[in-house]
Amino acid sequence: MRVLVVEDERNLADAIARGLRKRGMAVDVAYDGDSGHEMAFVTRYDVVVLDRDLPGVHGDQICAELAASGTLTRVLMLTASGTVADRVEGLQLGADDYLPKPFAFDELVARVQALGRRATPAAPPVLELADLVLDPARRVATRAGQPVDLTNKEFGVLCELLKARGAVVSSEELLERVWDANTDPFTTIVRVTVMTLRKKLGDPPLIETVVGAGYRTAEVAL
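Cut-offs and rules
Residues numbered from 1 in each chain as written. Predicted model: local features only at pLDDT ≥ 70, side-chain atom pairs only at ≥ 80, totals over all residues. Heavy atoms only, no water. Helix = DSSP H or I, 4+ residues; strand = E, 2+ residues; numbered from the N terminus. Rg over C-alpha atoms; globule rule 2.2 N^0.38 Å. Buried < 20%, exposed > 50% of the residue type's maximum accessible area, 1.4 Å probe, protein only. Contact = heavy atoms within 4.5 Å. Areas by Shrake-Rupley, 256 points an atom, 1.4 Å probe, with all protein chains shown as cover. Lys, Arg positive; Asp, Glu negative; His and termini not counted. Charge placed at Lys NZ, Arg CZ, Asp CG, Glu CD. Phe/Tyr/Trp six-rings, centres within 6.5 Å; stacked < 30°, edge-to-face > 60°. Lys NZ or Arg CZ within 6 Å of the ring centre and 35° of its normal. Polar contact = N/O pair within 3.5 Å; in protein donor to acceptor, adjacent residues only side chain to side chain. Expected span 1.5 Å × (residues − 1). Arc of directions from axis to C-beta. Axes fitted to C-alpha atoms, helices over the stretch in contact; angles between N-to-C directions. Left-handed = near helix turned anticlockwise from the far one by under 90°. Nonpolar A, V, L, I, M, F, W, Y, C, P; charged D, E, K, R; others polar. Pairing = 2+ DSSP bridges.

Novice: Is there a simple way to think about the overall build of the protein chain in this case?
Specialist: Scanning the protein chain from terminus to terminus reveals eight helices and 11 strands. The globule rule puts the C-alpha radius of gyration for 222 residues at 17 Å, and the 18 Å found for the protein chain is close to it. Along the longest, intermediate and shortest principal axes, the C-alpha atoms of the protein chain span 55 × 35 × 30 Å. Looking at the protein chain as a whole, 42% of its 222 residues are labelled buried. A separation threshold of at least 6 residues defines the contact pool for the protein chain, and within that pool the share at least 24 residues apart is 59%. Within the structure as shown, the protein chain displays about 11,100 Å² of accessible surface, and the carbon and sulfur contribution to it stands at 53%. Computed over 26 positive and 33 negative side-chain charges, the separation of the two mean positions in the protein chain equals 6 Å.

What follows is the structure, encoded as structure tokens:
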């Protein structure tokens, strides 16, 4: 899942980003409305965690423009004011959810995860291929009933490939969906991650390379 955090309180923004990354999400951060506005419309995020009162472009404007654009990106609006009137106004602007400060971090994570599920075409809560079972909510992978120990990036790549249901996913798409904006676009990290993922998943192979195009899940007969 790719998340953008737009929050001018740097310590809070960095804390949110660190926490979401620990949950396996790819997270970019903007500390003002101007950069947040630009990033939100350059990259397709699953969720934007958006402070309402931002310097530069106001959070209300970013929210309204995202909603008007028809994007699948979901907006979780943050604000220091938690009155009913403020919540209603934020939702009317196009926010998908609203969380007043201060908040419990576990609640923020749960809301981001819920919004992320609505940002992409519906997929089963548990993804399966042959004897492989992937549970994104619990971040658990098993093959033939045995746990498979995956890094966050390996888990993210596998999740994207399973959600594609046999369609080819390019390295560029995987880089955009699983890694954040600080990753070198010319890196070989996707190829290396797929290679280690194949080793961990074992035989018969579940991931195919489509030369010049990307990767897809393989058809496996049990």
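Novice: In this structure, what is going on with the packing of aromatic side chains? I would like to understand it.
Specialist: A ring pair, where both rings are aromatic, is described by two values, the distance of the centres and the angle of the planes. Enumeration according to the criterion identifies zero aromatic pairs in this entry. Note that Arg10 overlies the ring of Tyr31, its terminal NZ or CZ placed 3.9 Å from the centroid.

Novice: Got a minute to help me understand the environment of Glu7 in this structure?
Specialist: Summarising the element assignment, Glu7 is placed in the loop between strand S1 (2-6) and helix H1 (10-22). Residue Glu7 is classed as buried on the basis of its relative accessible area of 0%. Separated by 130 residues in the primary sequence, Glu7 and Ala137 place their C-alpha atoms 26 Å from one another. Look past the residues within four positions of Glu7 in its chain and what remains in contact with it is Leu12, Ala13, Ala30, Tyr31, Asp51, Leu54, Leu78 and Lys101. A distance of 2.9 Å separates a polar atom in the side chain of Glu7 from a polar atom in the side chain of Lys101.

Novice: Explain H1 to me, please; I cannot follow it from the model alone.
Specialist: An α-helix turns once per 3.6 residues; consequently, residues spaced three or four apart project the same way. For H1, built from 13 residues, the straight-helix expectation of 18 Å at 1.5 Å per residue is met to within 8% by its first-to-last C-alpha distance of 18 Å. Burial in H1 covers these residues: Ala13, Ile16, Ala17, Gly19 and Leu20. All buried residues of H1 fall inside an arc of 165 degrees around its axis, so they share one side. Facing away from the buried side of H1 by more than 90 degrees, the exposed set consists of Arg10, Asn11 and Lys22. Against the buried residues of H1 lie S1, strand S2 (26-30), strand S4 (74-79) and helix H5 (105-118). Phi for Gly24, located one or two positions after H1, is positive at around 90 degrees.

Novice: Sorry if this is basic, but what is going on with helix H2 (residues 33-42) here?
Specialist: Listed in full, the buried residues belonging to H2 are Gly33, Gly36 and Ala40. Taken down its axis, H2 places every buried residue within 60 degrees of arc, on the same side. Facing away from the buried side of H2, by more than 90 degrees, are the exposed residues Glu38 and Val42. Close packing links the buried residues of H2 with S1, S2 and helix H3 (59-69). Regarding H2, its N-cap is Asp32, as a side-chain oxygen of that residue lies 3.0 Å from the backbone nitrogen of Asp34 further along.

Novice: Would you mind going over the packing of H1 against H5 with me for this structure?
Specialist: A pair of packed helices is characterised by two quantities: the angle between their axes and the separation of those axes. The N-to-C vectors of H1 and H5 enclose an angle of 65 degrees; their axes lie 11 Å apart at closest approach. When the axes of H1 and H5 are compared, the crossing they make is right-handed. Where H1 abuts H5, its residues Ala15, Ile16, Gly19 and Leu20 lie against Phe105, Leu108 and Val109. Residue classes in the contact of H1 with H5 are distributed as six nonpolar, one polar and no charged.

Novice: Just to check I follow, could you spell out the sheet that holds S1 for this structure?
Specialist: Adjacent strands of a sheet form backbone hydrogen bonds with each other and so pair up, either parallel or antiparallel. Across the sheet, five strands lie side by side as S2-S1-S3-S4-S5; this open sheet has parallel pairing. Here the strands that pair on one side only, and so sit at the sheet edges, are S2 and strand S5 (97-100). Strand-to-strand twist across the sheet, computed as the mean angle between neighbouring axes with direction ignored, equals 20 degrees. Against the sheet, H2 contacts S1 and S2, and its axis sits at roughly 145 degrees relative to S2.

Coordinates in, geometry out; function isn't part of it.
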